[in-house]
Amino acid sequence: MNFNRSLFFWALLLALIGWKCSGAGGKPVLEKIPFPEDNPITTAKIAFGKKLFFDKRLSRNNEISCASCHQPHKAFTDGLTKSRGVNGQTAMRNAPSLLNSSYFKSYMYDGEVKTLEEQVLVPIQDHLEMGSSMKEVIQKLSKDSEYQQLSKSIFNRELDAYVITRAISTYERSLISRNSRFDKFRAGDKQALTVDEKAGWILFSEKLYCTKCHSGPDFTNYSVVSNGLYTDYGADAGRFRINGLEKERGAFKVPGLRNSSLTAPYMHDGSIRTLKEVVLHYSKGGANFPNKSSAIKPFELNDLEISQLVSFFKTLTDTTTIK
């Protein structure tokens, strides 16, 4: 796809993703993608950011791109327990989905990064992931005449860290996924879900009250808490690594559930393989850990109810953006 055709594609996409199915009778309601004042969204910037997102020169050995760990067909994850970085190294954590990241309140499992622009820097400089530096990346990409031309035409400046972080983050903001069968159901199409899927939604929202943590359009309250995955978190103690506060040991950001049928394995370390196993973890009330959220309590479901709950999760799948 050449750049002009790419611009046409993103212009069309941008027109479409400004709408979501959420009104009475399923009528769409205009919803603009949020963005910082210093980085407005344009179709040209999205297209430029996409080129950078798939460019392996961002890594030290020119073998790893952003898309290596965030693959579109896997809802922008990689299907691995923990991602693979330069020279086959194992990253610290499981790769989270980037879909709907424009709406997130914070980034990374610790919730310590507040903007997408800042988040772009993390994997580039992580020695286990891309293993590079912004200085090295700029030196390589500055030799690309197309990139230089795009940088000047879009940002009115030479290619630098400002351009790279803002272009990639703009592309990531364009990755909207809010057109699942459940969205159609909530918009008024009562035939969008099966009887079992509707039963799973009732279990999720009313019987188990999972919406206490997995609420809102993206099924997360964005908090950073412990879900009692372990009694001892070992080397990866979650947000404790950032502030050294004992009350934050074992605390990780609550993930959104959209497209969860495509993003296995689960948890920050990819230690749970299936959605059914996720349900079983929570049904046991999690491990006996001092900082475990008070919302994590044991519950009982029969086999049919477990199946219905998993069926509901699958209704949150939306492959529009992925394709």
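Note that the structure is a prediction, hence the values are computed from the model and not measured.

Bringing the nonpolar core into the picture now. In a soluble, globular protein the nonpolar side chains are often hidden away together inside. Core analysis: the biggest nonpolar cluster contains 35 residues, and Phe48, Phe53, Leu58, Leu141 and Ile168 have the highest contact counts within it. Within the residue set of this core, elements represented by two or more residues are helix H2 (43-53), helix H3 (66-69), helix H4 (116-125), helix H5 (134-141), helix H6 (145-155) and helix H7 (161-173). For this core, the element with the most residues is H7, which contributes 5 residues.

What follows concerns the packing of H4 against H7. Running from N to C, H4 and H7 cross one another at 110 degrees; their axes reach a closest spacing of 8 Å. Taken together, H4 and H7 sit at an angle that is classed as roughly perpendicular. For the pair formed by H4 and H7, the contact residues are Leu116, Glu117, Gln119, Val120 and Leu121 on the first element and Thr165, Arg166, Ile168, Ser169, Glu172 and Arg173 on the second.

If you walk through the whole model with that rule in mind, you get 0 disulfides. Free cysteine cysteine 66: the closest other cysteine sulfur is in cysteine 69, separated by 8.8 Å. Cysteine 66 gets classed as buried once you look at its relative accessible area, which sits at 11%. Unpaired in this structure, cysteine 210 has its nearest cysteine sulfur neighbour in cysteine 213, at a distance of 8.6 Å. Cysteine 210 gets classed as partly exposed once you look at its relative accessible area, which sits at 22%.

Considering all chains together, one arrives at 21 aromatic pairs under this definition. Feature note: the residues Phe182, Phe185, Trp201, Phe204, Phe219, Phe312 and Phe313 constitute an aromatic cluster, connected by ring pairs. Taking the ring centre of tyrosine 222 as reference, the NZ or CZ of lysine 105 above it sits at 5.5 Å. Over the face of the ring belonging to phenylalanine 185 we find lysine 190, whose NZ or CZ atom lies 4.8 Å from the ring centre.

Reading guide: rules and limits
- Residues numbered from 1 in each chain as written.
- Predicted model: local features only at pLDDT ≥ 70, side-chain atom pairs only at ≥ 80, totals over all residues.
- Heavy atoms only, no water.
- Core = buried A, V, L, I, M, F, W, Y, C linked by side-chain atoms within 4.5 Å.
- Buried < 20%, exposed > 50% of the residue type's maximum accessible area, 1.4 Å probe, protein only.
- Helix = DSSP H or I, 4+ residues; strand = E, 2+ residues; numbered from the N terminus.
- Axes fitted to C-alpha atoms, helices over the stretch in contact; angles between N-to-C directions.
- Parallel < 35°, antiparallel > 145°, perpendicular 65-115°, else oblique.
- Contact = heavy atoms within 4.5 Å.
- Disulfide = S-S within 2.5 Å.
- Phe/Tyr/Trp six-rings, centres within 6.5 Å; stacked < 30°, edge-to-face > 60°.
- Lys NZ or Arg CZ within 6 Å of the ring centre and 35° of its normal.

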